[in-house]
Amino acid sequence: MKAFIKKSYGGPEVLKLEETQLPTLQPNEIKVRINANSVNPADWHILRGKPYFSRLIYGLFKPKYPIPGADFAGIVEETGSACKRFKTGDNVIGANLLGGAFAEYIHVDENNCTLVPDGLSLTELACLPIAGLTAFQATHTYGNIQEGERVLINGSSGGVGHFCVQLAKNRGASVTAICSSKNKHFVESLGADEVLAYDKTNIHAHAGKYDLIIDTHGNLNFSDFRRMGKRGVLTGFTGVSHLMAVILQSKLKGFPIAQFTAEINASDLASLALQCSKGQLKVHLEKVYSFDEIPNAIERLEQMHTRGKLAIAW
Ligand SMILES: NC(=O)c1ccc[n+]([C@@H]2O[C@H](COP(=O)([O-])OP(=O)(O)OC[C@H]3O[C@@H](n4cnc5c(N)ncnc54)[C@H](OP(=O)(O)O)[C@@H]3O)[C@@H](O)[C@H]2O)c1
């Protein structure tokens, strides 16, 4: 099969499209023929082996897992002997945090996948797993948004942020969203009640008060959380020292900020797919790339100014 392979750490230029073999299908795994992918910031962090502590998982001196890519949508071609949830021909979406998705096929644990309702675009749904699950777990699991709460969402125009705005509105919250001024109308179109442009307003002096602050970009200071919020959720990452400073201060000063890595959870993923099928959640695609342009998609994502998501069609 064709797959993008990385033999060393580096930028998108280290990715080479090559012929390679799939490993043996394990009893708990399904074989999926990939129709579409999306790219996530984790793809370029893992590709570059940064932050360096990530190399403890992904390979100390060179990449341990040669095929990158987490998010995929596709069709089940084969099921392992212990698989119970899928059959050949099913349309599925899923993710594998250790990679393997930027390829024609993937062998993946069936519990990392969910069935896709009929009539939906696989290219759009390929964008749900990592960004959608992060947004779902930020708004539901960790944020526990209640109807009528005031929620501030930073980084609201990106992959995670644009899902957070919609999911918070679906929970009945009043949403104030932060993005750049060029994305103000886009974020309003997602349902935000108020939009603050970070290039026109000094967010670090903003005096608004909120029940919950969700920082999907990861540049709010601890003082911002405490000044404006009653509780916080932090999913974004702008640097190790900033992240550590926010978490440490939250622990020392007893102000609740939940920081987490998205769990690939089939039931949360099914809930997201259902909301898509009902038209309650929309995937905004900034651009659809062809499979051989995956390095270009990663290059664009690395600029950290994507509007919505970038998808790949195989
Ligand atoms: N914890 C987890 O499990 C998890 C999962 C997924 C992602 N993440 C992290 O979450 C972050 C966002 O991921 P993503 O997929 O949403 O990335 P993305 O699609 O690249 O979106 C990045 C967004 O950041 C916004 N942004 C850039 N500069 C900003 C600033 N100064 N203030 C506020 N917003 C700013 C951009 O908006 P403008 O273009 O309007 O500036 C853009 O929409 C990344 O750090 C990623 O590593 C964590």
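What you see is a predicted model, and the numbers here were worked out from it, not measured in a lab. (Residues numbered from 1 in each chain as written. Predicted model: local features only at pLDDT ≥ 70, side-chain atom pairs only at ≥ 80, totals over all residues.)

Caption draft 1: Representation of the overall build of the protein. When you go through the protein residue by residue, the secondary structure sums to 10 helices and 15 strands. Relative to the 2.2 N^0.38 estimate, which gives 20 Å for 314 residues, the radius of gyration of the protein is 19 Å and therefore close to what a compact globule would have. Judged by the C-alpha coordinates and their principal axes, the protein covers about 55 × 45 × 35 Å. Sequence separation of 24 or more characterises 67% of the internal contacts of the protein that already satisfy a separation of 6 or more. (Helix = DSSP H or I, 4+ residues; strand = E, 2+ residues; numbered from the N terminus. Rg over C-alpha atoms; globule rule 2.2 N^0.38 Å. Contact = placed C-beta atoms within 7 Å.)

Caption draft 2: Representation of the site of the ligand. Within the structure, the ligand sits among 31 residues, and Pro-41, Gly-158, Gly-159, Ser-180 and His-305 are positioned closest to it. Contributing elements (two or more residues each) for the shell around the ligand: helix H4 (129–142), helix H5 (159–170) and strand E9 (174–179). In terms of residue class, the shell around the ligand is built from 12 nonpolar, 19 polar and no charged. Three or more residues apiece are contributed to the shell around the ligand by two domains, here domain 1 (2–127 + 283–313) and domain 2 (131–259). (Near = placed C-beta within 6 Å. Nonpolar A, V, L, I, M, F, W, Y, C, P; charged D, E, K, R; others polar. Domains from an automatic or database assignment.)

Caption draft 3: Focus on helix H1 (residues 41–48). Taken as a whole, H1 has its buried residues at Pro-41, Ala-42, Asp-43, Ile-46 and Leu-47. Among the residues trailing H1, Gly-49 stands out with phi positive, at a value near 65°. (Buried ≥ 20, exposed ≤ 12 C-beta atoms within 10 Å, placed from the backbone.)

Caption draft 4: Region of interest: the nonpolar core. Counting 85 residues, the largest nonpolar core has Ile-93, Leu-125, Val-151, Ile-153 and Cys-164 as the members making the most contacts within it. By residue number, the principal contributor to this core is H4, which donates seven residues. Counting the residues that make up this core, at least three belong to each of domain 1 (2–127 + 283–313) and domain 2 (131–259). Those residues within four positions of Cys-164 in sequence are excluded, and the remaining contacts are Ala-135, Ala-138, Thr-139, Ile-153, Ser-156, Ile-214 and Thr-216. (Core = buried A, V, L, I, M, F, W, Y, C linked by C-beta atoms within 7 Å.)

Caption draft 5: Highlighting the pairing of strand E14 (residues 285–290). Where E14 and strand E15 (residues 309–313) come together, five bridges link them in parallel fashion. Counted as the bridge partner of Lys-287 is Leu-310 from E15. Regarding the hand of the β-α-β motif, the stretch spanning E14, helix H10 (residues 294–301) and E15 is right-handed. (Pairing = 2+ DSSP bridges. Right-handed = clockwise from strand over helix to strand, strands pointing away.)

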